[in-house]
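One-letter residues, chain by chain:
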Amino acid sequence: MPKDHKDFRSARWFAPDDLRSMGHRSRALQMGLAAEDWEGKPVIAIINTWSDLSPCHHHLRDRAEHVKKGVLQAGGFPAELPVHDFAEQFLKPTSMLYRNMGAMEVEETLRSHPVDGAVLMGGCDKSTPALVMGAISMGIPFIYLPAGAMLRGNYPGQHLGSGTDVWKYWDERRAGTISKEEWQGVEAGIARSYGTCMTMGTASTMMSIADGWGLTLPGASSIPAPDAGHKRMSAACGRRIVEMVWEDLTPDKIITWESTRNAVTVAMATGCSTNAIIHLIAMARRAGIDLTLEHLDEIGHETPVLANLRPSGTRYLMEDFFYAGGLRALMKELGDKLDLSVMTVSGRTMGDCIADAVNYNDDVIRPLSNPVYHEGSLAVLKGNLAPDGAVIKPAAMNERFQVHSGPAVVADSYAELKEIINDENYPMTPDSILVLRNAGPQGGPGMPEWGMIPMPKALLKDGHRDMVRMSDARMSGTSYGACILHVAPEAFIGGPLALIRTGDIIDLDVPNRSLNVRLSDEELAARRADWVQPEPQYERGYGWMFSRHIEQADKGCDFDFLKTEFGAPVPEPEIN
């Protein structure tokens with residue numbers, strides 16, 4: 001049943017004939033507005049993550065104007081509200097440290113202002129989960145507007161992929177096989193426009209997940225950032241959110257167990273980033289859906305990789321994916337692996353949204369009969385080294401390491417790790433397992449993307465380009481290799497990773513989902529008795545709060561007090 005404008009949240013600020021509302025109207029008039037701008041109209045917040053230091057979102061200042069145009073076309077009142085920019089490249093020690101802070105900012109920005117619906121503008125890695133988590137917790141109608149991927153990189157004779165080719169050519173630079181001038185050529189050619197990474201890294205993964213969840217206009221995640229269609233999509237978001245407010249189409253009607261399973265299936269079929277696991281769990285739990293590592297692994301077992309996109313694929317990039325039909329075409333290929341009856345922000349079912357999708361290139365978007373990889377992108381490992389789980393990306397690693405045993409080479413910090421990997425004569429073999437610990441949620445701090453450990457020079461000089469690496473950190477979604485990540489519990493709080501020593505034999509078995517160290521329970525207990533807790537990373541400020549309340553990777557790294565079950569819903573603010 002359509003809403004009456006008298007029931008809008010914003011009406012509480014503007015409609016009453018009282019002292020406080022007079023002040024609200026007076027200050028609106030102060031900005032040059034007139035009563036005709038807001039009376040009887042839904043107020044739409046445009047939550048913008050643009051900044052001068054956010055290259056992925058550099059076009060969102062312009063796109064906000066297109067959203068405003070759409071809102072006005074549909075009879076709404078647009079209000080642009082800036083939030084954290086989540087600039088992955090420049091935020092240190094890691095943008096993950098600020099995901100939950102950003103989610104809180106979005107939730108409280110929406111709650112504290114007179115808004116009835118929201119368009120969330122983001123794209124770079126942590127922006128998507130932060131925006132969606134905050135908006136879910138607030139509960140008003142919203143549409144996610146994905147920033148879109150940048151154009152393909154270019155270096156004479158070849159296309160370059162964000163991140164993926166950085167790691168590749170950095171190994172070659174350190175091995176001495178390319179010159180400084182060639183390295184600088186890659187540097188100048190790999191990022192040629194605004195927009196997010198154009199590999200299936202974390203940014204493209206999370207935008208695709210939002211699309212597969214039904215939180216974007218159909219196929220919006222695949223439109224390249226510089227494409228003129230991106231501007232039209234932005235205006236369409238503005239028009240549609242006004243309709244959603246009138247329809248009272250709130251996130252609880254879209255984010256269900258069935259649509260969440262769709263989102264996970266889509267993620268696995270795209271060859272998603274390992275970071276997807278952490279963010280999917282956190283986003284789902286904000287909606288009261290108890291998504292677990294076991295659910296993710298189960299769906300991964302059943303879902304082959306269909307998107308032939310780097311780094312899981314070997315050749316194509318997001319621009320190629322768009323030309324091939326984009327996410328709608330991939331979802332069409334998935335067929336009955338998806339629940340097509342679920343509702344989307346478009347007001348139509350997912351089945352309706354993809355009914356006319358066409359796959360224009362079945363090498364870019366593979367059919368189920370010819371997948372890139374026979375299972376989903378990710379696998380969850382457990383064992384005495386990771387009792388609460390760890391993650392690996394089998395689709396993007398050398399297959400010979402899927403069942404592997406080798407001696408550990410342990411680094412307690414990134415500084416110590418650099419000494420190991422830069423020593424051409426360090427005693428190790430291709431069977432060694434390089435371990436970085438104290439890099440998890442508390443240890444990092446913030447669980448930085450240090451898990452894509454560069455290949456050691458001692459192995460590079462002999463032509464090796466992959467080895468098993470393990471950490472309680474994350475890695476960039478653009479990365480590849482036999483990297484075991486998100487080991488939980490993390491070493492900094494006394495997880496088993498804290499107890500291993502250089503030379504201990506570690507057993508990895510990806511097909512059987514196991515990760516163990518060859519130590520008896522008695523030996524592990526004896527080492528635990530000798531273990532000393534590291535000093536806290538922070539003694540004041542946001543970092544102190546982060547360390548006290550951050551959950552482990554298997555729980556999604558949300559703050560414990562932001563979980564849905566932590567307490568009663570936050571009431572609407574009093575207006576007195």
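One can find the structure itself at the top, above this paragraph.
What this report covers is the structure whose coordinates are included nearby. The residue numbering used here restarts from 1 in each chain and proceeds along that chain's sequence as written. In keeping with the model being predicted, local features are shown solely for residues with a pLDDT of at least 70 and side-chain atom pairs are shown and tallied solely at 80 or more, while totals for entire chains, interfaces and linings include all residues. Neither water nor hydrogens contribute to the side-chain values; these are computed over all heavy atoms in the structure.

1. Some words on the overall build of the protein
Turning to step 1, where the next piece is worked out: Secondary structure follows DSSP: runs of H or I at least 4 residues long count as helices, runs of E at least 2 residues long count as strands, and numbering of each begins at the N terminus. Within the protein one finds 20 helices and 14 strands.
Turning to step 2, where the next piece is worked out: Atoms considered for the radius of gyration are the C-alpha atoms alone. The globule rule reads 2.2 Å times the number of residues to the power 0.38. Against the globule reference of 25 Å for 576 residues, the protein gives a C-alpha radius of gyration of 24 Å, in line with a compact fold.
Turning to step 3, where the next piece is worked out: With the principal axes as the frame, the protein shows a C-alpha extent of 80 × 55 × 45 Å.
Turning to step 4, where the next piece is worked out: Only protein chains enter the calculation, and the probe is 1.4 Å; a residue is then buried if its accessible area is under 20% of its type maximum, exposed if over 50%, and partly exposed in between. In the protein, which comprises 576 residues, the proportion classed as buried is 60%.
Turning to step 5, where the next piece is worked out: By the convention used here, residues are in contact when the closest approach between their heavy atoms is within 4.5 Å. Sequence-distant contacts in the protein: of pairs separated by 6 or more residues, those separated by 24 or more amount to 77%.
Turning to step 6, where the next piece is worked out: Of the roughly 21,800 Å² of accessible surface on the protein, 51% is carried by carbon and sulfur atoms.
Turning to step 7, where the next piece is worked out: Across the protein, the mean location of the 56 positive side-chain charges is 4 Å away from that of the 75 negative side-chain charges. For the area figures, the Shrake-Rupley method with a 1.4 Å probe applies, and any residue is considered shielded solely by the protein chains shown. Positive charges come from Lys and Arg, negative ones from Asp and Glu, while His and the chain ends are left out of the count. Charged groups are reduced to one reference atom each: NZ for lysine, CZ for arginine, CG for aspartic acid, CD for glutamic acid.

2. Observations regarding helix α8 (residues 180–189)
Turning to step 1, where the next piece is worked out: Within the span of α8, buried status applies to Trp-183, Gly-185, Val-186 and Gly-189. Taken around the axis of α8, the buried residues stretch over an arc of 155°, which confines them to a single face. Looking at α8, the residues exposed on the side facing more than 90 degrees away from the buried face are Glu-181, Glu-187 and Ala-188.
Turning to step 2, where the next piece is worked out: Looking at the packing, one finds that the buried side of α8 touches β5 (153–155), β6 (158–160) and α7 (164–175). Regarding the arc, it is the one traced by the directions from the helix axis to the C-beta atoms.

3. Brief notes about the environment of Ser-405
Turning to step 1, where the next piece is worked out: Tracing the sequence through the fold places Ser-405 in strand β9 (residues 403–411).
Turning to step 2, where the next piece is worked out: Considering only alpha carbons, one finds Ser-405 and Asp-509, 104 residues apart in sequence, at a separation of 8.6 Å.
Turning to step 3, where the next piece is worked out: Beyond its immediate sequence surroundings of up to four residues, Ser-405 is in contact with Asp-431, Ile-505, Ile-506, Asp-507 and Arg-518.
Turning to step 4, where the next piece is worked out: At 2.5 Å, the side chain of Ser-405 and the side chain of Asp-507 are in polar contact. The definition of a polar contact used here is a pair of N or O atoms within 3.5 Å, where within protein one atom must be able to donate a hydrogen and the other to accept one, and adjacent residues in sequence count solely through side-chain atom pairs.

4. Here's the deal with the sheet that holds strand β2 (residues 77–82)
Turning to step 1, where the next piece is worked out: Taken in spatial order, the four strands of this open sheet run β2-β1-β3-β4, and their pairing is parallel. With one partner strand each, in any of the chains shown, β2 and β4 (142–146) form the two edges of the open sheet. Direction aside, the axes of adjacent strands within the sheet are offset by 20° on average.
Turning to step 2, where the next piece is worked out: In this description, strands pair whenever DSSP reports at least two bridges between them. Taken together, the five bridges between strand β1 (residues 43–48) and strand β3 (residues 117–122) define a ladder with parallel strand orientation. Looking at the pairing, Ile-44 lines up with Gly-117 of β3. Every axis in this analysis is a line fitted to C-alpha atoms, fitted for helices over the stretch in contact. Angles between the N-to-C directions lie between 0 and 180 degrees.

5. A closer look at the packing of helix α11 (residues 257–270) against helix α13 (residues 293–302)
Turning to step 1, where the next piece is worked out: Taken N-terminus to C-terminus, the directions of α11 and α13 make an angle of 55°; their axes are 9 Å apart at the nearest point. As summarised for this structure, α11 and α13 are arranged oblique, according to the angle between their axes. Both α11 and α13 take part in a crossing whose hand is right-handed. The segment α11 lies against α13, with Trp-257, Arg-261, Val-264, Thr-265 and Met-268 engaging His-295, Leu-296, Glu-298, Ile-299, Gly-300 and Glu-302. By definition in this entry, angles of less than 35 degrees are roughly parallel, angles greater than 145 are roughly antiparallel, angles of 65 to 115 are roughly perpendicular, and the rest are oblique. Each crossing gets its handedness from the near helix: less than a right angle anticlockwise from the far helix is left-handed, clockwise is right-handed.

6. Thoughts on the pairing of strand β7 (residues 379–383)
Turning to step 1, where the next piece is worked out: Taken together, the four bridges between β7 and strand β8 (residues 386–392) define a ladder with antiparallel strand orientation. Bridging from a neighbouring strand, Gly-383 pairs with Ala-386 of β8.
Turning to step 2, where the next piece is worked out: If you look at the hairpin formed by β7 and β8, you'll find two residues sitting between the two strands.

7. Quick notes on the side chain of His-84
Turning to step 1, where the next piece is worked out: Considering the arrangement of structural elements, one finds His-84 in the loop between β2 and α5 (99–112).
Turning to step 2, where the next piece is worked out: In contact with His-84, not counting residues within four places along its chain, are Thr-49, Leu-91, Tyr-98, Met-101 and Glu-105.

8. Some words on the pattern of salt bridges
Turning to step 1, where the next piece is worked out: By definition, a salt bridge exists where a carboxyl oxygen of Asp or Glu is found within 4 Å of a side-chain nitrogen of Lys or Arg. Under the defined criterion, the tally for this structure stands at 34 salt bridges.
Turning to step 2, where the next piece is worked out: Among the ionic pairs, Glu-449 bridges to Lys-126, the shortest N-O distance being 3.7 Å. With Glu-449 in the loop between β10 (433–436) and α18 (457–460) and Lys-126 in the loop between β3 and α6 (127–138), the pair connects residues that are 323 residues apart, well separated along the chain.
Turning to step 3, where the next piece is worked out: The exposure class of Glu-449 is partly exposed, given its relative accessible area of 22%.
Turning to step 4, where the next piece is worked out: Asp-466 is the partner of Arg-469 in a salt bridge, and the nearest nitrogen-oxygen pair spans 2.6 Å. Accessibility classification places Arg-469 together with Asp-466 in one group, the buried group.
Turning to step 5, where the next piece is worked out: Through salt bridges with shared partners, a single network forms among Glu-88, Asp-125, Lys-126, Glu-449 and Arg-474.

9. What about the packing of aromatic side chains?
Turning to step 1, where the next piece is worked out: The rule is short: rings of Phe, Tyr and Trp, with Trp giving its six-membered ring, pair when the centres are within 6.5 Å, and they are stacked under 30 degrees, edge-to-face over 60, tilted in between. Scanning the entire structure with this criterion turns up 10 aromatic pairs.
Turning to step 2, where the next piece is worked out: Here the aromatic rings of Tyr-414 and Trp-450 are separated by 5.1 Å at their centres, their planes lie at 45°, and the arrangement is tilted. Of the two residues, Tyr-414 is situated in helix α17 (residues 414–421) and Trp-450 in the loop between β10 and α18; the sequence distance between them amounts to 36 residues.
Turning to step 3, where the next piece is worked out: Taken together through their ring pairs, the aromatic side chains of Tyr-98, Tyr-542, Phe-546, Phe-559 and Phe-561 make up a single cluster.
Turning to step 4, where the next piece is worked out: Charge over a ring is defined by NZ of Lys or CZ of Arg lying within 6 Å of the ring centre and within 35 degrees of the ring normal. Above the ring of Trp-13, the side-chain terminus of Arg-12 is found at 5.8 Å from the ring centroid.

Honestly, it's all geometry; don't read function into it.
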